[in-house]
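Working through the structure, step by step
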Amino acid sequence: VERARIAVAKLKGGLLTELKKQLDAGGPAKAINVCGDMTTRIRGEVSSAELQIGRTSSKLRNPKNTAPAWVTPLLAELEAAPADKRGPREVKLPDGGLGYVEPLNTAPLCLACHGAPLAPEVQAAIAARSSSGSTGASPSRSSSAASSRRRCSSVSSRSPSTTVSSAAAPAA
């Protein structure tokens, strides 16, 4: 699980660093592409044959970020939880792998593109990039998460107690 936490931290840290840089350089309309483009790059840097990392949301802008089946119930749980109860979740998957999901809580700087109301130039930039948008966010709500899935041949006794049913787990 530690490798999953490190991978998610790299994703979150990389996105935040680049987002701040782009916001400073050109404002929210110029920073629209950061989350989507940087996620793909960081995913490529951090993922391996045994560790896959991703980012998803219940309000997708990019259908390529659709949650794996095992993440969907955890995302719903995180979204429904009060802010002080939104922590990482670990699950044992039916194939012996481990799943790790951590909320991507809405930071104040995220509201320029994900909040409401949006500046007209931000609305136009979102429309140019996608047909729908993840907007209307607030710091008290979480509708997105980073996930990491580790394949392994055995699960130690320190593994999470939650198990995802085979119906909710991805095909191996």
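Note: the structure precedes this text.
These lines cover the structure that appears in this document, whether it is placed above or below.

Basis of the calculations
- Residues numbered from 1 in each chain as written.
- Predicted model: local features only at pLDDT ≥ 70, side-chain atom pairs only at ≥ 80, totals over all residues.
- Heavy atoms only, no water.
- Helix = DSSP H or I, 4+ residues; strand = E, 2+ residues; numbered from the N terminus.
- Contact = heavy atoms within 4.5 Å.
- Pairing = 2+ DSSP bridges.
- Axes fitted to C-alpha atoms, helices over the stretch in contact; angles between N-to-C directions.

Turning to its location among the elements, Asn65 is positioned in the loop between strand 1 (51-57) and helix 4 (72-80). The spacing of Asn65 and Gly54 is 11 residues in sequence and 7.3 Å in space, taken between C-alpha atoms. Aside from chain neighbours lying at most four places away, what touches Asn65 is Arg43, Arg55, Thr56, Ser57 and Leu60.

Omega for the peptide link from Ala116 to Pro117 comes to -5 degrees, which places this bond in the cis form. Positionally, Pro117 belongs in the loop between helix 5 (111-114) and helix 6 (120-129).

Attention shifts here to the sheet that holds strand 3 (residues 98-103). Ordered by their spatial adjacency, 4 strands build an open sheet running 1-4-3-2, and the pairing between neighbours is antiparallel. In this open sheet, the two edge strands, each paired with only one partner strand, are strand 1 and strand 2 (89-92). Across the sheet, the mean angle separating the axes of adjacent strands is 20 degrees when strand polarity is ignored. Lying over the sheet, helix 1 (residues 2-26) contacts strand 1, strand 2, strand 3 and strand 4 (144-150), oriented at roughly 50 degrees with respect to strand 1.

By themselves, these observations are geometric and do not establish any function.
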